[in-house]
Amino acid sequence: MVRAETPRIGAEDDWYPYTAWRNERIEGMSADIVRAAFATSNATVELAPYPYSRCMELARSGSLAGCFNTTPDANIRADFLLPQEVLFSDDILLWGRADAEAIDDLDAIDGKRVAVTIGYTYGEYFDNYADIQRIAVRRDINGFLMLQRDRVDYVIAFRGTTEALLRDHSELVGQFKALARVHRPQLYLTFSRHHPQAEALLHDFDAGMRQIRQDGTYQRILANWQLIDGQSTAHGSTLQERHNNKTESP
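The rules behind each value
Residues numbered from 1 in each chain as written. Predicted model: local features only at pLDDT ≥ 70, side-chain atom pairs only at ≥ 80, totals over all residues. Heavy atoms only, no water. Pairing = 2+ DSSP bridges. Helix = DSSP H or I, 4+ residues; strand = E, 2+ residues; numbered from the N terminus. Disulfide = S-S within 2.5 Å. Buried < 20%, exposed > 50% of the residue type's maximum accessible area, 1.4 Å probe, protein only. Polar contact = N/O pair within 3.5 Å; in protein donor to acceptor, adjacent residues only side chain to side chain. Contact = heavy atoms within 4.5 Å. Salt bridge = Lys/Arg side-chain N within 4 Å of Asp/Glu carboxyl O.

K.L.:
Give me the lowdown on the pairing of strand β3 (residues 19–22), citing residues and values where you can.
P.N.:
Across two bridges, the pairing between strand β2 (residues 14–15) and β3 is antiparallel. Bridging across to β3, W15 finds its partner in T19. As consecutive antiparallel partners, β2 and β3 are separated by three residues. Sheet topology places β3 next to strand β4 (residues 25–27); three bridges connect them, and they run antiparallel.

Have a look at this one:
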C-alpha cells in the first residue's frame, strides 16, 4: 500500500513574530495557531518555510496545499480558497522619521517614495492609490534602512513585525514613528485551488480554529506572544475607514 504524501503548507520565512525561520525551525504566533488548529483533527501537515511571494506562487500552482499569512484582496479571493476562520488581525501603519508629521490622508503624501514589501497587500485604499512612488523591498528591514538613509520618505509595515524588528535592531530605536493607521486587515491561511488535499484541509482547519477559540488555546497563544488581536486604538480610525466614509457620504 502506498502512503499518501504529507501535504505541505507554506509559512513565511521572515515575518517575525508571526512566522519566521528561526533556530532551525518555523517559529511565530500564527505558526503556533496553525499547528494547534490542525492538532485537533487527524490531519497531518508539514510546515515549510518560504519567502512570502514564493510561498503564494507555490500554493497558487498546487505545489503547496496552502500559505500564510495572507491579507486577501480580490485577486487572492479569485485564485485561492479562503477558510471561514481568520488567523489574527494587526494594524498596518505608515512609518516616517521621528520628526515627521502625522498623516490624515494619502493625498498628503502625493509623489512621495514609500517602501513596500514585495508580494504584500495593504488594503484597497493604499494598493489602488496611484499618486505615490512605491519602492519595492524584499524585507521590511530594508525599507526602514532606506528610510534611515533618506532613500525613501515613508515605510508601510505591520505594527507587530515592526516592533519585533526594532527589538532585534536596537540601533534603530527612536529613529521612526507611526504616522497613521492605514488599514487593519484580517490575516488568513489561504488554501490552493489546485492541490488535491487542500479543500479537505480547509475544513479541518476551520473546525480546529473553532475548537481552539472555544477551549482557550487560541487566547493562550496570543498571550504567550504578548500580542493583542487587532484591539489597539492608538491611532484611531484607519485611513481606509476615513476614505470609505468620505466616499459613502451623500
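K.L.:
Before we move on, could you go through the state of the cysteines and cite the residues and values that matter?
P.N.:
Counted under the stated rule, the structure contains one disulfide. Between the sulfur of C55 and that of C67 lies a disulfide, 2.0 Å long from S to S. Negative torsions about the S-S bond denote left-handed disulfides, and the value of about 130° found for C55 with C67 makes this one right-handed. With C55 in helix α2 (residues 52–61) and C67 in strand β6 (residues 66–70), the pair connects residues that are twelve residues apart, well separated along the chain. The burial state of C55 is the same as that of C67; both residues are buried.

K.L.:
I'd love a proper account of the side chain of T121, names of residues and values included.
P.N.:
Checked against the element boundaries, T121 lands in the loop between β10 (113–117) and α4 (124–127). Among the polar contacts listed, one links the side chain of T121 to the side chain of T71, at a separation of 2.3 Å. When sequence neighbours within four positions are dropped, the list of residues in contact with T121 reads T71, D73, I92 and D127.

K.L.:
Pulling in residues and values, what's your account of the pattern of salt bridges?
P.N.:
Side-chain pairing between opposite charges can occur once the charged atoms of the two side chains come close. One pass over the structure, following the stated rule, counts 14 salt bridges. Two residues, R97 and D150, come together in a salt bridge whose shortest N-O distance is 3.2 Å. Of this pair, R97 sits in strand β9 (residues 92–97) while D150 sits in the loop between α5 (140–148) and β12 (154–158), placing them 53 residues apart in sequence. You can call R97 partly exposed: its relative accessible area is 25%. A cluster of three or more residues bridged by salt bridges with shared partners is formed by R97, R113, D150 and D153.

K.L.:
An account of the side chain of T161 is requested, with residue identities and associated values reported.
P.N.:
Turning to its location among the elements, T161 is positioned in helix α6 (residues 159–168). Its relative accessible area of 4% is what places T161 among the buried residues. Setting aside its immediate chain neighbours within four residues, T161 contacts W15, Y16, P17, Y18 and D140.

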